[in-house]
Amino acid sequence: MAEDSSSGPCWLPLESNPDVINKFVAKLGLKPTWQFTDVFGLEPELLAMVPQPAVALLLLFPINEKNEAYRMEEEARITKDGQHVGGNVFFMRQTIGNACGTIGLLHAIANNTDRLELEGGYLKSFIESTKGMSADQRGAYLERDEGITAAHEDSAQEGQTEVPSVDMPVNLHFVAVVQCEGHLYELDGRKPFPVNHGQTNPDNFLTDAAKLCQDFMARDPTELHFTILALSKM
C-alpha cells in the first residue's frame, strides 16, 4: 500500500485478502494451480499447514518510526559494504503510490517463472517486456501498463474492508520474499536494491522466509498489524 516516496500516480491500495489477490493474479494470467494462501502463524506447526511447495511470501507490515530507522540503517550499511545479488533476480522500484501490493505480486511471480504456470496475458507480457530493464525502468513501465493498472483498480474495489480514498494516507506496506539462485531475497520497491538475507534452498525456503518475517516483527513487539500470504502449489 504505502504512499511513501513514490513520485508517480497513486492507486487505491490492494487488500491483503487471498480471495481478492487470487482473482487479481488470475486476471493477469497466473493459472490457478498456484495460489496465494494465508499463513496463520510462524510456529512450525502452523507453517506445516501451508500448502507445499511454497515459492514466495508476501508480507504486509506497518510503516512506523522503528521500521523506517532500520530501513535507513540497512540501506547505508549495504551501500557501504556491498552485497551479492544474483543476475537473475527480478527487481523493480515503486513509483506509484499504493502500488506495493501489485509490485509484491510481480516480484513473487517474476522470480518463479520456471515453476509457475503463466497463460498469455498481462503478467507474461510485463515480465517479458521488462526483462532487460533496470529496476527504475520497470517501475516507469508499470505506470504505462494499462492492463495491469485496470486489473489493479478492479481488484482494489473488492474485499471485506471499506475502499479508502486514493488520497488517504496508508501506513501499511507489502514486500515479497523469494528464493533465487540459492539465496533468500527481500524485494521492496521502496528500496534501491534487493536485500540478500543469506543462503537458502527450495526445501528450506518457507522456514527461512518465516524467520525473516519474525525479524520484521521483532523490531517493534508492540505492533500487531502484520499479514503474511504464501504463494503455493494447490
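Predicted model, so just to flag it, every value in this text is computed and none were measured. (Residues numbered from 1 in each chain as written. Predicted model: local features only at pLDDT ≥ 70, side-chain atom pairs only at ≥ 80, totals over all residues. Heavy atoms only, no water.)

As for its placement among the helices and strands, Glu128 is situated in helix H5 (residues 122-129). When the C-alpha positions of Glu128 and Ala110 are compared, they lie 9.4 Å apart, and in sequence the two are 18 residues distant. (Helix = DSSP H or I, 4+ residues; strand = E, 2+ residues; numbered from the N terminus.)

Applying the stated criterion across every chain yields a total of two aromatic pairs. The lysine or arginine in question, Arg138, covers the ring of Phe90, its NZ or CZ lying 4.0 Å from the ring centre. (Phe/Tyr/Trp six-rings, centres within 6.5 Å; stacked < 30°, edge-to-face > 60°. Lys NZ or Arg CZ within 6 Å of the ring centre and 35° of its normal.)

On average, residues of the protein chain score 93 in pLDDT, and 92% of them are at 70 or above. Considering only residues more than four positions removed or in separate chains, one finds that residues 1-5, a stretch of pLDDT under 50, has 33 contacts. (pLDDT = per-residue confidence, 0-100. Contact = heavy atoms within 4.5 Å.)

On to the nonpolar core, then. If you look at the biggest cluster of nonpolar residues, it comprises 44 residues, and the most contacted ones within it are Leu30, Phe36, Leu58, Leu105, Ile109, Leu142 and Leu231. Per-element tally for this core: the top contributor is helix H4 (residues 100-110), with seven residues. Setting aside chain neighbours within four positions, we find Leu58 in contact with Ile21, Phe36, Gly104, Leu105, Phe174, Val175, Ala176, Thr227, Ile228 and Leu229. Counting residues in each nonpolar core, the second largest holds 21 residues, with Val39, Val175, Ile228 and Ala230 among its members. (Core = buried A, V, L, I, M, F, W, Y, C linked by side-chain atoms within 4.5 Å. Buried < 20%, exposed > 50% of the residue type's maximum accessible area, 1.4 Å probe, protein only.)

Where helix H1 (residues 18-28) meets H4, the axes come as close as 12 Å, and the angle between the chain directions of the two elements is 65°. Here H1 and H4 pass one another in a crossing that is right-handed. Contacts between H1 and H4 involve Ile21, Phe24 and Val25 on the former and, on the latter, Thr102, Leu105 and Ile109. Of the residues contributing to the contact of H1 with H4, the split by class is five nonpolar, one polar and no charged. (Axes fitted to C-alpha atoms, helices over the stretch in contact; angles between N-to-C directions. Left-handed = near helix turned anticlockwise from the far one by under 90°. Nonpolar A, V, L, I, M, F, W, Y, C, P; charged D, E, K, R; others polar.)

Attention now moves to the environment of Gln199. One can find Gln199 in strand E5 (residues 195-199). Assessed through its relative accessible area of 69%, Gln199 is described here as exposed. Put simply, Gln199 and Cys180 are 19 residues apart on the chain and 9.5 Å apart in space, counted from C-alpha to C-alpha. Other than its neighbours up to four places away in sequence, Gln199 contacts Gly182, His183 and Asp208.

Here the focus is the environment of Ala48. Checked against the element boundaries, Ala48 lands in the loop between helix H2 (44-47) and strand E2 (54-62). Along the chain, Ala48 and Leu206 lie 158 residues apart, while their C-alpha atoms are 9.5 Å from each other.

A few words now on the side chain of Glu74. Looking at the element boundaries, Glu74 is found in helix H3 (residues 65-81). You can call Glu74 buried: its relative accessible area is 3%. Beyond its immediate stretch of four places on either side in the chain, Glu74 contacts Glu186, Lys191, Val195 and His197.

Turning our eyes to something else, we now look at helix H6 (residues 135-144). Among the residues of H6, those classed as buried are Ala135, Arg138, Gly139 and Leu142. For H6, the arc enclosing every buried residue in end-on projection is 100°, short of the 170-degree limit, so these residues lie on one face. At its buried positions, H6 is contacted by H4, H5 and helix H7 (146-156). (Arc of directions from axis to C-beta.)

In a beta sheet, neighbouring strands are held together by backbone hydrogen bonds and run either parallel or antiparallel to one another. Within the open sheet, the six strands sit side by side as E1-E6-E2-E3-E4-E5. Their pairing is antiparallel. One side of each edge strand has no neighbouring strand; the edge strands of this open sheet are strand E1 (34-38) and E5. Going from strand to strand, the sheet's axes swing by 20° on average, the running direction of each strand aside. Pairing between strand E4 (residues 183-187) and E5: three bridges, direction antiparallel. When the bridges of E5 are listed, His183 appears paired with Gln199. The sheet contacts of helix H8 (residues 205-218) involve E2, strand E3 (172-180), E4, E5 and strand E6 (227-233), and relative to E2 the element is tilted by about 5°. (Pairing = 2+ DSSP bridges.)

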